[in-house]
Amino acid sequence: MKAFTQDDKSIEILENFYETLKTARIVEDYIPEKSLAEFFMRDNTDFLKFEFVSEANYYLQLPGEAIDDLAELVDKIYASGELIKFVQYCHLRIYHMEEYDEKRILDPYRLKEILGEQANLLPVLILISGIHGTINYYKAKGIENEILIATLKTLKDFMCGFKSRYGCWGIDDFKWLTHFFYGRIFRIGRLNFYPKYFESRLLVYRNINNGRVCALSEPDVTYTSEGKVVGTNGIFNTENSFVAVYEEDDGCICGNPVLPSGHALKETVKLSKNEWMRVLSKGDIVLDVHIPGGTGLDNEECRKAFVEAVSFYRTYFDYQECRGFVCESWLLDPQMQQLLPKTSNIFRFQREFYLYPVLSDEKQTFQNLFGAGHTDLSKVKIVTSLQTAVAGYMKKGNHMCMGGMFMLESDLKNWGSEFYQKDFSWMLDGRLKN
């Protein structure tokens, strides 16, 4: 790697960054200082010291090689007044204002001529710069260090994945990772959780007599004859498609059901308001589930994660009204149940939930199974049984996609029984038909 020099080209690149700063129109009310100038004048460069990075690694647990490269990056930045100010600016926008254009201020390629491959580490350094705020937030909430360390270790996972793909340390999903440092996403056991408002186009009802659950589609959603959302995988063939309806009167609710297997039905059903109560719809608080890579989806570990998540959010955030859990992922593609044995972790994981179709494509499946950028199955290396099954299926002209799921919090006690999917013939045998 070439030695750092403050040559004319470097100055030109940095001046381009200053144009971003000048046109940012920073509102003084957003920051505690009276002006941006005062922010830069005070000594707020502790994170540009090796000691800061080294101490932060107690929580981050980054590999020694990555720490060494970060230390070298810190030295290079500290040798340049312009770079110091730029990094301060990034810290300000991300941790004091949460207002930034990632492509403009954190694109490592714009700094490559100055920092070489270590430009890829600049977003990492900016993330680490706010770790004291993250630690203090956890302390104020009384959240134990075990969860803090598990949550922040997500950075290590992303950096190792980047290293595996590109041969150098860095990250390529900066905005997603900020949520772990902001205290919005928590790693609890095997899974990540974060609260949100339910946004899916479903209306979920429970029978007050027998506890059964039935999801109806919101109106005006167009589905294929197979029950997928039109536009999935970029396919807009509307032959035999149908548009969902939803109607209510004083006594009944009529609509298109979405089966727990993840498909919408063209035939409508009628639910009596005397027997069916709405239990989930847009605007309700739910816990969104993110499935980290790295280890298998052991069924018992996942169950424990859901149980602990309920306790965690009730203890630290008073979410007494959380209705349940939701997730959208390539791992929830209902087609996986056709491709995998019933003993597989993915199969068993899917069977615990009420699945539903989402508008998506197979990009996430390609990225997670075969690596980012791969679209030609003839050129990918097939190693695992999952890769073999999916590749074989797609080579026949089939398309994978993402799927969605929900699980009501009150149904968590039924984990292991395939509560939603084991038997939903009652939705099809005429008892609910309009």
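Quick caveat: nothing in here was measured; it's all calculated off a predicted structure.

Asker: What is the right way to look at the environment of Tyr319 in this model?
Answerer: One can find Tyr319 in the loop between helix 13 (299-316) and strand 14 (324-329). According to the relative accessible area criterion, Tyr319 is partly exposed, its value standing at 25%. The spacing of Tyr319 and Ile285 is 34 residues in sequence and 8.3 Å in space, taken between C-alpha atoms.

Asker: What is the right way to look at the pattern of salt bridges in this model?
Answerer: Opposite charge on two side chains permits them to pair, given that their charged atoms come into close proximity. Following the criterion strictly, the structure yields 15 salt bridges and no others. A salt bridge links Lys196 to Glu199, with the shortest nitrogen-to-oxygen separation between them at 3.5 Å. Using a relative accessible area of 54% as the deciding quantity, one classes Glu199 as exposed. Salt bridges here are not isolated pairs; linked through shared partners, they connect Lys196, Glu199 and Asp288.

Asker: Would you mind showing me how to read the environment of Met400 here?
Answerer: When you line up the elements, Met400 lands in the loop between helix 17 (385-395) and strand 16 (403-408). Relative accessible area serves as the criterion here: at 0%, Met400 is assigned to the buried category. Residues Met400 and Thr232 lie 168 residues apart in sequence; the distance between their C-alpha atoms is 9.5 Å. If sequence neighbours within four positions are ignored, Met400 has contacts with Asn233, Asp333, Gln335, Met336, Leu339, Asp361, Glu362, Thr365, Val390, Tyr393 and Met394.

Asker: I'm lost on the side chain of Ser217 in this one. Help?
Answerer: Relative to the helices and strands, Ser217 is located in strand 4 (residues 213-217). A polar contact of 2.7 Å, which involves the side chain of Ser217, links it to the side chain of Tyr223.

Asker: For this particular structure, what's the right way to read unusual backbone geometry?
Answerer: Most peptide bonds are trans, and most residues other than glycine sit at a negative phi. Here Asp220, not a glycine, exhibits a phi torsion of approximately 70°, which is positive. Here Asp220 shows up in the loop between strand 4 and strand 5 (222-223).

Asker: Any chance you could explain the side chain of Ser329 here in plain terms?
Answerer: Among the secondary structure elements, Ser329 is positioned in strand 14. Within the structure, Ser329 has its side chain in polar contact with the backbone nitrogen of Leu331 (distance 3.0 Å). The residues touching Ser329, leaving out its near neighbours within four places in the chain, are Ile291, Gln364, Met402 and Gly403.

Asker: Even after reading the chapter, I still don't get the sheet that holds strand 16, so can you show me in this structure?
Answerer: Two modes of strand pairing occur in sheets, parallel and antiparallel, and in both the strands are linked by backbone hydrogen bonds. Taken in spatial order, the six strands line up as 1-2-13-14-16-15 in an open sheet, and their pairing is mixed. Whereas interior strands pair on both sides, the edge strands pair on one side only; in this sheet they are strand 1 (186-188) and strand 15 (354-357). Direction aside, the axes of adjacent strands within the sheet are offset by 35° on average. Where strand 2 (residues 191-197) meets strand 13 (residues 285-290), six bridges bridge the pair, whose relative direction is antiparallel. Among the inter-strand pairings, Asn192 is bridged to a residue of strand 13, identified as His290. Packing of helix 13 onto the sheet brings it into contact with strand 1, strand 2, strand 13, strand 14 and strand 16, and relative to strand 2 it is tilted by some 45°.

Asker: Just to check I follow, could you spell out the sheet that holds strand 12 (residues 276-280) for this structure?
Answerer: As summarised here, the arrangement of the five strands in space is 10-9-4-3-12, forming an open sheet in which the pairing is antiparallel. Two strands in the sheet have a free side with no partner beyond their single neighbour: strand 10 (263-264) and strand 12. Relative to strand 12, strand 3 (residues 202-207) runs antiparallel, the two sharing four bridges. Looking at strand 12, one finds that Val204 is bridged to Leu280.

Reading the values: the criteria
- Residues numbered from 1 in each chain as written.
- Predicted model: local features only at pLDDT ≥ 70, side-chain atom pairs only at ≥ 80, totals over all residues.
- Heavy atoms only, no water.
- Helix = DSSP H or I, 4+ residues; strand = E, 2+ residues; numbered from the N terminus.
- Buried < 20%, exposed > 50% of the residue type's maximum accessible area, 1.4 Å probe, protein only.
- Salt bridge = Lys/Arg side-chain N within 4 Å of Asp/Glu carboxyl O.
- Contact = heavy atoms within 4.5 Å.
- Polar contact = N/O pair within 3.5 Å; in protein donor to acceptor, adjacent residues only side chain to side chain.
- Pairing = 2+ DSSP bridges.
- Axes fitted to C-alpha atoms, helices over the stretch in contact; angles between N-to-C directions.

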